[in-house]
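For reference, the chains in residue letters:
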Amino acid sequence: ILEYAKRTQTFTCKQMLSDFTKDGKIFSPNTIASSLRRLVSNSILIKSGRGLFSMPVSGKLVFSAFYNEEMAQIEEFIKTQFPFIRFCVWNSYDVKRFSHYVANMDVVFVDVERDCEEAVFGKLLAQFPNRQVYLKPDQDCYSNYIYGNPTIVVRTLISEAPLVQLSDNRTRVSLEKVLVDSAIDDDFISFQGYESLRLFRNAFDVCLINESKLLRYARRRSQGKEIQELITEVKNNKIFD
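Rules behind the numbers
- Residues numbered from 1 in each chain as written.
- Predicted model: local features only at pLDDT ≥ 70, side-chain atom pairs only at ≥ 80, totals over all residues.
- Heavy atoms only, no water.
- Helix = DSSP H or I, 4+ residues; strand = E, 2+ residues; numbered from the N terminus.
- Contact = heavy atoms within 4.5 Å.
- Buried < 20%, exposed > 50% of the residue type's maximum accessible area, 1.4 Å probe, protein only.
- pLDDT = per-residue confidence, 0-100.
- Phe/Tyr/Trp six-rings, centres within 6.5 Å; stacked < 30°, edge-to-face > 60°.
- Pairing = 2+ DSSP bridges.
- Axes fitted to C-alpha atoms, helices over the stretch in contact; angles between N-to-C directions.
- Salt bridge = Lys/Arg side-chain N within 4 Å of Asp/Glu carboxyl O.

1. Concerning the environment of Tyr134
Moving on, step 1. Of note, Tyr134 is situated in strand β6 (residues 132–135).
Moving on, step 2. Separated by 13 residues in sequence, Tyr134 and Phe121 place their C-alpha atoms 7.3 Å apart.
Moving on, step 3. Not counting chain neighbours up to four residues away, the residues in contact with Tyr134 comprise Phe121, Cys141, Tyr145, Ile146, Thr151, Ile152, Val153 and Val154.

What follows is the structure in structure tokens.
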């Protein structure tokens, strides 16, 4: 859908289905309609009129979370073992990609809903012996054991954390969550301070960001004022002269 949206300035669901059919790609109208609603709700597409859809006109990119085969295995394992919990598997690369700081950090984060962390940690520890697995590690643990080593870190998923919902009910981390977590969590000490300014600046320059969603999550974490001040500083070009 996104590739089609990039080629077509404005389109309808019916038009998209027709063009897909001509290309030999058959989808049900309900599938396409559901996907369009989800893309609009995640601010990836916009409704430009009655029944009309288009890409945002800013020219910025839609954030796409890093995801590989190992992460897919971890996600599938958790979904099988704990089919009813809310969780998100994401990667330290999604912080590093916007940073000037070169951190030797290879971490798969497994954020799971509160009170499930220890159970998920125990299962992952037994299932993935090729990676170190830690439960909510402190900064000393990062410095002494995690940096430089492939690691899985189990953390608490904050309720109402902004996630991207996929069609199969799986989730991906949103850029808004990545930015807030990178600025306030001890897991990302190396990326904080002045580096947070540069990290936020790069993200705002390159990607579409839903500021209201970002600030709502920051307030949920009692950091609304601090993140608002960070955004204000980021938009002040003079600090980067």
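Next, the rest of the story.
2. Considerations on helix α8 (residues 175–184)
Moving on, step 1. For α8, the buried fraction is high: 9 of the 10 residues fall into the buried class.
Moving on, step 2. When α8 is considered as a whole, its buried residues turn out to be Leu175, Glu176, Lys177, Val178, Leu179, Val180, Asp181, Ser182 and Ala183.

3. Brief notes about the confidence of the model for the protein chain
Moving on, step 1. Per-residue pLDDT for the protein chain has a mean of 90; in total, 96% of the residues score no lower than 70.
Moving on, step 2. At the level of individual helices and strands, the protein chain shows its lowest average pLDDT in strand β2 (residues 46–49), which scores 79, and its highest in strand β7 (residues 151–157), which scores 98.

4. Quick word on the packing of aromatic side chains
Moving on, step 1. Considering all chains together, one arrives at 12 aromatic pairs under this definition.
Moving on, step 2. For the ring pair Phe77 and Phe128, a centre distance of 5.8 Å and an interplane angle of 90° mean the geometry is edge-to-face. One end of the pair, Phe77, is in helix α4 (residues 69–81); the other, Phe128, is in the loop between α6 (117–127) and β6, and 51 residues separate them in sequence. When sorted by exposure, Phe77 lands in the same class as Phe128, which is buried.
Moving on, step 3. Aromatic pair Trp90 and Phe109: ring centres 4.9 Å apart, planes at 35°, arrangement tilted.

5. Thoughts on the sheet that holds β7
Moving on, step 1. The strand order across the open sheet built from 4 strands is β4-β5-β7-β6, with neighbouring strands paired in mixed fashion. Only two strands of the sheet have a single neighbouring strand rather than two, namely β4 (87–91) and β6. Each neighbouring strand pair of the sheet contributes to a mean axis angle of 20°, computed without reference to strand direction.
Moving on, step 2. Running at roughly 170° to β6, α6 makes contact with β5 (107–113), β6 and β7 of the sheet.
Moving on, step 3. Against the sheet, helix α7 (residues 139–146) contacts β5, β6 and β7, and its axis sits at roughly 175° relative to β6.

6. What to know about the pattern of salt bridges
Oppositely charged side chains are able to pair whenever their charged atoms sit close together.
Moving on, step 1. For the structure on display, the rule yields 20 salt bridges.
Moving on, step 2. As a salt-bridge pair, Glu75 and Arg170 come within 3.8 Å of each other at their nearest N and O atoms. In this pair, Glu75 sits in helix α4 while Arg170 sits in the loop between β8 (163–165) and β9 (171–173), placing the two residues 95 residues apart along the sequence.
Moving on, step 3. A relative accessible area of 4% places Glu75 in the buried class.
Moving on, step 4. Between Arg155 and Asp185 there is a salt bridge, with its nearest N and O atoms 2.9 Å apart. Remark: Asp185 occurs in the loop between α8 and α9 (194–206) and Arg155 occurs in strand β7; sequence separation between them is 30 residues.
Moving on, step 5. On the basis of relative accessible area, Arg155 is assigned to the buried category, the value being 6%.
Moving on, step 6. Under the relative-accessibility criterion, Asp185 is labelled buried at 9%.

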